[in-house]
Amino acid sequence: MTKEVITRFAPSPTGHLHLGGARTALFAWLFSKSNKGKCLLRIEDTDKERSKEEYTNSILDSFSWMGIEFDEKPVYQSKNISLHLKAIEKLIEEEHAYYCNCSQDRLDELRKNQQKAGEKPKYDGKCRNLNLKKSDFSVVRFKNPKEGSVSFNDLVRGKITISNNELDDLIILRSDGSPTYNLSVVVDDINMGITHVIRGDDHINNTPRQINICKALGGEEVIFGHVPMILGDDGKRMSKRHGAISVVDYKSMGILSGALLNYLVRLGWSLGDKEVFNLDELINQFSEGKINSAPSSFSMEKLTWFNKEHLDLLEEDQLLKLLSDNISYLSTDSYSKRVIGLVRDRCNTLLDFQSETYYFFKDYKSIDNELTEKFFKPENIEILSYLKGELVESSFSSKDISEAIEKTMDQFSIGMGKVGQPFRLAVTGQMGSPSIDKTAELLGKEKVLERLEKVTSS
């Protein structure tokens, strides 16, 4: 590509950044970076009632967390209204647009009759050649070409051709004086020098209209790529019923930003059989891969797998720094390092580290009643009391602790579960932990005996 590639992502600040939008932004960003180009951010905030500053800030924070840096300061569409209005004036002067005075009643009746006749509902061009003047209730319509067709080579779907007969004269200025979406995005893309538009395929019906408007305004041809939507695990479009769907939700769930980026890219992009990529690899190799044209299904299980892979790639110091910034009782001391080293294989998310490390630093809260009734029956207390006696004289290495457990098993002629489960519950307050001998060794003799005493004497 001889001309610099400039892409954009254009969210509306009417909600948090969701997964579909994040993936679209990521594809646009990676496409530009892999071609040594730029990616710009445009906040489409013209819906005054629904656009909120908190959502704009949330979108910006989400990109910052993901490590996606845009090449210029955000453009706010609401500040470009004068450019949009000038473009509409230009289209009217050059007879590419016209005033329309059709009432809503007439348009409703037209649509009703067309649907009854089995025709595609569209404006019939009644005011197209009447040379009407502006009135208090008039709108401005784009004069779409009647002949020929619109063709473009979609980066994802290949060549797409739409006959101009399928398109009607869409409204580009409402009666209240506000420009419409299809006009505004074209003007903004021209003004920002956008060369490539990568967006969701829910916009594909707008593309031929926008191409015609762009030509009428004398803008340079833009190359489009429409990525398919993300589906839930039930095959339906992602929605709130599928659980967390915004980027901030996944951050709060303990997902690493690199893992989320990796997974989002793999939802629709592939390069051979490789699954795990870091951001630098994605930048360098994105143009070598392929964007699939079929929808992809989201899986929390698969995202968790990616997160585990990325956690395992972190050096010990990197992981501990990340955790100590989020878990108050962790630090960079040797004890914290030993604890993290023991539990990290059991952790799939950052949140897992909190539940897996808490009992090493804090006295656990009361144990669940059902577990107490099941594992602290009189016969279990007798077993734990005997084990405690064995441990009192122990040097408390993991080997010594294992030997004490073995002696207890022999004494009562029982299996490991009869000793290990109540022992683990007594010293950790939960049923899951690393190997109980290594867990007890790291907790230390004083703490283990103290917790056994609390259970056996209650």
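Residues numbered from 1 in each chain as written. Predicted model: local features only at pLDDT ≥ 70, side-chain atom pairs only at ≥ 80, totals over all residues. Heavy atoms only, no water.

K.L.:
What should I look at first to understand the overall build of the chain in this one?
P.N.:
Each helix and strand in the chain was counted, giving 19 helices and 14 strands. Taken along the three principal axes of its C-alpha coordinates, the chain extends 100 × 50 × 35 Å. The burial tally for the chain puts 47% of its 458 residues in the buried class. Taking as baseline every contact in the chain between residues at least 6 positions apart, the subset at least 24 positions apart corresponds to 73%. (Helix = DSSP H or I, 4+ residues; strand = E, 2+ residues; numbered from the N terminus. Buried < 20%, exposed > 50% of the residue type's maximum accessible area, 1.4 Å probe, protein only. Contact = heavy atoms within 4.5 Å.)

K.L.:
How should the packing of aromatic side chains be read in this particular structure?
P.N.:
Any two aromatic rings considered together are summarised by their centre-to-centre distance and by the angle between their planes. The full count for this structure, using the stated rule, is 15 aromatic pairs. Centroid distance Y263 to F306: 5.5 Å. Interplanar angle 45°. Geometry classified as tilted. Of this pair, Y263 sits in helix α8 (residues 257-266) while F306 is found in helix α10 (residues 300-313), placing the two residues 43 residues apart along the sequence. Each of the two residues, Y263 as well as F306, counts as buried. Ring centres 5.9 Å apart and planes at 80° place the aromatic pair Y329 and Y358 in the edge-to-face group. One end of the pair, Y329, is in the loop between α11 (316-324) and α12 (334-343); the other, Y358, is in helix α13 (residues 350-361), with 29 residues separating them in the sequence. Residue Y329 is classed as buried on the basis of its relative accessible area of 14%. An aromatic cluster is defined as three or more aromatic residues linked by ring pairs; in this entry it consists of Y250, Y263, F298, W305 and F306. Taking NZ or CZ as reference, R141 lies 3.7 Å from the ring centre of Y123, over its face. (Phe/Tyr/Trp six-rings, centres within 6.5 Å; stacked < 30°, edge-to-face > 60°. Lys NZ or Arg CZ within 6 Å of the ring centre and 35° of its normal.)

K.L.:
Please explain the sheet that holds strand β3 (residues 75-76) as it appears in this structure.
P.N.:
Strands belonging to one sheet form pairs held by backbone hydrogen bonds; the direction of such a pair is parallel or antiparallel. Sheet architecture is open: 3 strands sit in the order β1-β2-β3, paired in parallel fashion. Only two strands of the sheet have a single neighbouring strand rather than two, namely β1 (6-9) and β3. As paired strands, strand β2 (residues 38-43) and β3 are joined by 2 bridges and run parallel to one another. Paired with I43 across the bridge in β3 is Y76. Sheet contacts for helix α2 (residues 53-66): β1, β2 and β3; angle to β2, the most-contacted strand, approximately 160°. (Pairing = 2+ DSSP bridges. Axes fitted to C-alpha atoms, helices over the stretch in contact; angles between N-to-C directions.)

K.L.:
I'm lost on the nonpolar core in this one. Help?
P.N.:
Where a protein is soluble and globular, its nonpolar side chains tend to be buried together. Residues F63, L391 and F423 are the most contacted members of the largest nonpolar core, which totals 87 residues. In terms of residues, this core owes the most to one element, helix α1 (residues 19-34), which gives 9 residues. Among residues more than four places away in sequence, those in contact with F423 are L384, L387, L391, I401, I405, I436, A440, V448 and L452. Within the second largest apolar cluster, 18 residues are counted, among which are L183, I213, A216 and L217. (Core = buried A, V, L, I, M, F, W, Y, C linked by side-chain atoms within 4.5 Å.)

K.L.:
What is the right way to read the pattern of salt bridges from this model?
P.N.:
A side chain of one charge can pair with a side chain of the opposite charge if their charged atoms are brought near each other. In the structure shown here, the tally under the stated rule is 25 salt bridges. Between E281 and K274 there is a salt bridge whose closest N-O contact spans 3.2 Å. Through salt bridges that share partners, R8, R42, E44, D188 and D189 make up one connected network. (Salt bridge = Lys/Arg side-chain N within 4 Å of Asp/Glu carboxyl O.)

K.L.:
Please clarify how α2 should be interpreted in this entry.
P.N.:
Side chains of residues three or four places apart in an α-helix project in the same direction, reflecting 3.6 residues per turn. In this model, α2 (14 residues) spans 20 Å end to end at C-alpha, consistent with the 20 Å of a helix rising 1.5 Å per residue. Along α2, the residues classified as buried are Y55, T56, S58, I59, S62, F63 and M66. For α2, the buried positions fall inside an angular range of 160° around the axis, keeping them on one side. Exposed side of α2, more than 90 degrees from the buried face: E53, E54, D61 and S64 are the residues found there. On its buried face, α2 is in contact with β1, α1, β2, β3, α7 (247-252) and α8. (Expected span 1.5 Å × (residues − 1). Arc of directions from axis to C-beta.)

K.L.:
I keep staring at the packing of helix α17 (residues 416-428) against helix α18 (residues 436-443) and nothing clicks. Help me out?
P.N.:
Helix-helix packing is characterised by the crossing angle of the two axes and by the distance between the axes. α18 packs onto α17 with a crossing angle of 30° between their chain directions and a minimal axis gap of 10 Å. When the axis of α17 is compared with that of α18, the two are roughly parallel. As for how α17 packs across α18, the hand of that crossing is left-handed. Across the interface between the two elements, M416, F423, R424, V427 and T428 from α17 touch I436, T439, A440 and L443 from α18. The class makeup of the residues in the contact of α17 with α18 is 6 nonpolar, 2 polar and 1 charged. (Parallel < 35°, antiparallel > 145°, perpendicular 65-115°, else oblique. Left-handed = near helix turned anticlockwise from the far one by under 90°. Nonpolar A, V, L, I, M, F, W, Y, C, P; charged D, E, K, R; others polar.)

K.L.:
Can you help me understand the side chain of T428 in this one?
P.N.:
Take T428: it is sitting in helix α17. Among the polar contacts listed, one links the side chain of T428 to the backbone oxygen of R424, at a separation of 2.7 Å. A distance of 2.9 Å separates a polar side-chain atom of T428 from the backbone oxygen of Q430. Sequence-distant contacts of T428, defined by excluding residues within four places in its chain, comprise Y359, Y364, S433 and T439. (Polar contact = N/O pair within 3.5 Å; in protein donor to acceptor, adjacent residues only side chain to side chain.)

K.L.:
Mind showing me how you'd approach the sheet that holds strand β5 (residues 139-142) here?
P.N.:
Spatially, β4-β5-β8 is the arrangement adopted by the 3 strands of the open sheet, whose pairing is antiparallel. For this open sheet the edge positions go to β4 (97-100) and β8 (171-173), each flanked by a neighbour on one side alone. Each adjacent strand pair in this sheet contributes to an overall mean axis angle of 45°, direction not counted. Strands in contact with helix α3 (residues 81-93) are β4, β5 and β8; relative to β8, the strand with the most contacts, it is inclined by about 125°.

K.L.:
Even after reading the chapter, I still don't get the environment of Q411, so can you show me in this structure?
P.N.:
Along the chain, Q411 falls in helix α16 (residues 398-412). Distance from Q411 to Y386, taken between C-alpha atoms, is 8.9 Å for residues 25 residues apart in sequence.

K.L.:
For this particular structure, what's the right way to read the side chain of T349?
P.N.:
Within the fold, T349 resides in the loop between α12 and α13. Overall, the relative accessible area of 10% leaves T349 in the buried class. Looking at T349, its side chain comes within polar contact range of the main-chain nitrogen of L351, at 3.3 Å. Those residues in contact with T349, other than ones at most four positions away along the chain, are M253, G254, I255, N307 and L311.

No statement about biological role is implied by the geometric values presented.
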